[in-house]
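Listed below, chain by chain, are the residues.
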Amino acid sequence: MKGYTYPGKSPMKQDKGKNYESSKGDQQGPIPKDNIKLQKSENPDTYVYKGKSEFERINDLEDRKSFIQEDEFNSGKSTKQQKKDKKTLEREAEIMRDRSKNKAGKKSYYAN
């Protein structure tokens, strides 16, 4: 029995690209005071976290990215806008992770 085949490229077998490892360094940019607004490909009913907790804000961005991935999976294809919005949300979460990890004198949730 072969099992279920994913339409398109399986998320487990996706190539991360040539520059993936080299781009994983510290992300640049300021941490915005509020989470970024809804992206064009997101459902208008999606909740955007308004609080100040860095951990919750990062989780919110990751959840929103996963909702876009669900939409892609359910439709069987992804649009350019969905790809762009996923990258934007991931970049913002990565910036917040790096900034909270690098703050002097503050113990971070993500610190090793």
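Anything mentioned here points back to the structure above.
Remember, it's a predicted structure, so these values are computed and weren't measured experimentally.

Asks: Help me understand the pattern of salt bridges in this model?
Replies: In a structure, side chains of opposite charge can pair up when their charged atoms sit close to one another. Scanning all chains against the criterion turns up 8 salt bridges. Linking R97 and E90 is a salt bridge whose minimum nitrogen-to-oxygen distance equals 3.6 Å. Looking at E90, the relative accessible area reads 27%, which means it is partly exposed. It is possible to trace a salt-bridge network through shared partners that takes in E62, K65, E90, E94 and R97.

Asks: Would you mind going over the side chain of E92 with me for this structure?
Replies: One can find E92 in helix α2 (residues 80–102). Summary of buried charges: E92 has no salt-bridge partner, and the nearest side chain of opposite charge, R91, is 4.2 Å away. Residues in contact with E92, not counting those within four places in the same chain, are P32, I36 and L61.

Asks: Would you explain the environment of K83 in this entry?
Replies: Relative to the helices and strands, K83 resides in helix α2. A residue is classified by how much of its surface remains accessible, and K83, at 45% relative accessible area, is partly exposed. Between the C-alpha atom of K83 and that of E72, which follows or precedes it by 11 residues, the distance is 9.4 Å. K83 has contacts with E72 and S78, leaving out every residue within four places of it along the chain.

Criteria and thresholds
- Residues numbered from 1 in each chain as written.
- Predicted model: local features only at pLDDT ≥ 70, side-chain atom pairs only at ≥ 80, totals over all residues.
- Heavy atoms only, no water.
- Salt bridge = Lys/Arg side-chain N within 4 Å of Asp/Glu carboxyl O.
- Buried < 20%, exposed > 50% of the residue type's maximum accessible area, 1.4 Å probe, protein only.
- Helix = DSSP H or I, 4+ residues; strand = E, 2+ residues; numbered from the N terminus.
- Lys, Arg positive; Asp, Glu negative; His and termini not counted.
- Contact = heavy atoms within 4.5 Å.

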